[in-house]
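Here is how the chains run, residue by residue.
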Amino acid sequence: MAHFQGFRLRRPDLSAEVAASRHHCPFCPDRVLVVTPRLDPPVDGSFRVVEGESVLFPNISPYDRRSAVVVLSRAHFLAPEDIRPHHLVDGLRAAQRYLGAPGTLRRRDFGLVTWNYMPLAGATQVHPHLQVVATDRPGRLLEDEVAASLRYRRRFGRSYWAELVETESQLEERWVGRGRHSAWLTPFVSRSVVSDLMVVFPGKSLISDLSRADLEEFGRGMSAALQQLAAEGVVSFNLAFYPARADSANQALWLHARLSPRIHFNPAIGGSDATVWQHLLDEPFMVRSPERLAEALRPAVSDALAGG
Ligand SMILES: [Zn+2]
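How each quantity is defined
- Residues numbered from 1 in each chain as written.
- Predicted model: local features only at pLDDT ≥ 70, side-chain atom pairs only at ≥ 80, totals over all residues.
- Heavy atoms only, no water.
- Helix = DSSP H or I, 4+ residues; strand = E, 2+ residues; numbered from the N terminus.
- Donors = N, O, S within 2.8 Å, 3.2 Å for Na, K, Ca; no water.
- Tetrahedral: all angles 85-135°; square planar, octahedral: opposite > 155°, others 65-115°.
- Core = buried A, V, L, I, M, F, W, Y, C linked by side-chain atoms within 4.5 Å.
- Buried < 20%, exposed > 50% of the residue type's maximum accessible area, 1.4 Å probe, protein only.
- Contact = heavy atoms within 4.5 Å.
- Patch = residues over 30% accessible without salt bridge, like charges linked within 9 Å, V, L, I, M, F, W, Y side chains within 5 Å.
- Areas by Shrake-Rupley, 256 points an atom, 1.4 Å probe, with all protein chains shown as cover.
- Salt bridge = Lys/Arg side-chain N within 4 Å of Asp/Glu carboxyl O.
- Polar contact = N/O pair within 3.5 Å; in protein donor to acceptor, adjacent residues only side chain to side chain.
- Pairing = 2+ DSSP bridges.
- Axes fitted to C-alpha atoms, helices over the stretch in contact; angles between N-to-C directions.

(A) Examining unusual backbone geometry more closely. Following Asp40, the chain continues to Pro41 via a peptide bond in cis, the omega torsion being 5 degrees. Tracing the backbone shows Pro41 in the loop between α2 (32-35) and β1 (49-51). Phi at Asp44 takes a positive value of approximately 50 degrees, unusual for a residue other than glycine. Within the fold, Asp44 resides in the loop between α2 and β1. The backbone of Met118 sits at a positive phi, close to 85 degrees, despite the residue not being glycine. Within the element layout of this structure, Met118 appears in the loop between β4 (110-117) and β5 (129-135).

Here it is, written out as structure tokens:
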């Protein structure tokens, strides 16, 4: 935990980025079906997967053998407070259909869904979009989580994730809320300098395990969390789902998602929050504790989770 003298969040003005990117955006409704590549082979007989406002197509900068983009909205720009549950539900439904199609996932692959929202978080387009990737190399963090979850269960005879949810719900300090299908908390070690939000899906392993009701609850809770964060001045974030391998039976790892706000320490000079500590020394730090973030999110998110 670091302490920055007098640090407070200030909402940066994105209007210049939004205006500059609108004119030639390949994801806007009049271009998306013309300029984006087609799925080969098609999914459910279609060259692109369409769910509500969401459109999925192959990524022209693929991360691995199977790699797709899901455009989430017809609107070129959605401020975080404009991201509604249906954007998330439809986008994730499109991802599920792609990951579930024959030939997308090999047995040892992970089916990942990630989101870089706005340029500060690494987005190359302002128009909101997810990445969907099938890969057997999902990165060190997820591989470590899979191995550690298995070791924990072998050693203690129970799920680390069940214990995490139970312990945090009792301690309450980092607890945000519980719905019928998911548990919401702030992890005690965060990647974001203003702390992360974690959503755990008890007993689920894969994104394809999520039912319509699971997705709708996730959409309601996440939309409420983004509204709260936007009110504080957060207008950029990364989000990732952490699933198990496609083929593993009797999973030790429970599917979870992490939302990690990205901020400018000094909006006046557009500076990133990725410093030498995270980038070269692999040492994340926080200027707001997870307990403070949980306190800020709890009222709105627990209401949204109860509102099913
Ligand atoms: Zn656009």
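Right, picking up where we left off after that structure.
(B) Main features of the coordination of the zinc ion. Every protein donor of the zinc ion is listed here as Cys25 (SG), Cys28 (SG), His76 (ND1) and His127 (ND1), and their distances to the metal cover 2.1 to 2.3 Å. For the zinc ion, the 4 donor atoms are set out with angles of 101 to 119 degrees between them, so the coordination reads as tetrahedral. Donor residues binding the zinc ion come from one chain and are separated in sequence as C-x2-C-x47-H-x50-H. Of this pair, Cys28 sits in the loop between α1 (15-22) and α2 while His127 is found in the loop between β4 and β5, placing the two residues 99 residues apart along the sequence.

(C) A look at the nonpolar core. Ranked by internal contacts, the top residues of the largest apolar core, which has 61 residues, are Phe218, Met222 and Phe241. Apart from the residues lying within four places of it in its own chain, the contact partners of Phe241 are Leu92, Leu112, Val113, Phe201, Ile207, Leu210, Phe218, Leu255, His256 and Ala257. Within the second largest apolar cluster, 19 residues are counted, among which are Trp175, Val200, Ala244 and Leu253.

(D) Quick look at a nonpolar patch on the surface. Together, Val276, Trp277, Leu280 and Leu281 line one region of the surface with nonpolar side chains, adding up to about 440 Å² of accessible area. In this fold, Leu280 is placed in the loop between α7 (276-279) and α8 (290-306). Using a relative accessible area of 65% as the deciding quantity, one classes Leu280 as exposed.

(E) Representation of the side chain of Asn59 within the structure. Structurally, the position occupied by Asn59 is in the loop between β2 (54-58) and β3 (66-71). Since its relative accessible area comes to 14%, Asn59 is described here as buried. Within polar-contact distance, the side chain of Asn59 engages the backbone nitrogen of Ser61 at 2.9 Å. Every residue in contact with Asn59, bar those within four places of it in the chain, is listed here: Ser67, Ala68, Val69 and Gln131.

(F) Quick peek at the sheet that holds β4. Spatially, the 10 strands line up as an open sheet ordered β1-β2-β3-β5-β4-β9-β10-β8-β7-β6, and their pairing is antiparallel. One side of each edge strand has no neighbouring strand; the edge strands of this open sheet are β1 and β6 (175-178). Taken over all neighbouring pairs, the strand axes of this sheet differ in orientation by 15 degrees on average, direction set aside. Where strand β7 (residues 183-185) lies against strand β8 (residues 197-200), 3 bridges are found, and the strand directions are antiparallel. From the neighbouring strand, Leu185 faces β8, where its bridge partner is Met198. Where helix α6 (residues 212-232) meets the sheet, it contacts β7, β8, β9 (237-242) and β10 (256-261), and its direction lies at approximately 15 degrees from that of β10.

(G) Looking closely at the side chain of His256. Inspection of the secondary structure assignment puts His256 in strand β10. Polar contacts involving the side chain of His256 include one to the side chain of Glu145, which spans 2.7 Å. Side-chain polar atoms of His256 contact the backbone oxygen of Trp254, separated by 2.8 Å. Beyond its immediate stretch of four places on either side in the chain, His256 contacts Glu145, Trp161, Met198, Val199, Val200, Phe201, Ala240, Phe241 and Tyr242.

(H) Region of the structure containing the pattern of salt bridges. The tally for this structure, following the rule as stated, stands at 19 salt bridges. In this structure, Arg158 and Glu163 form a salt bridge, with 3.1 Å as the shortest nitrogen-oxygen distance. Arg158 sits in the partly exposed class, given a relative accessible area of 31%. A residue is classified by how much of its surface remains accessible, and Glu163, at 26% relative accessible area, is partly exposed. A salt bridge links Asp273 to Arg262; its shortest N-O distance comes to 3.0 Å. Here Asp273 is found in the loop between β10 and α7, whereas its partner Arg262 is found in the loop between β10 and α7, with 11 residues between them in sequence. Take Arg262: its relative accessible area is 18%, and that puts it in the buried class. Salt bridges here are not isolated pairs; linked through shared partners, they connect Glu168, Glu173, Arg174 and Glu291.

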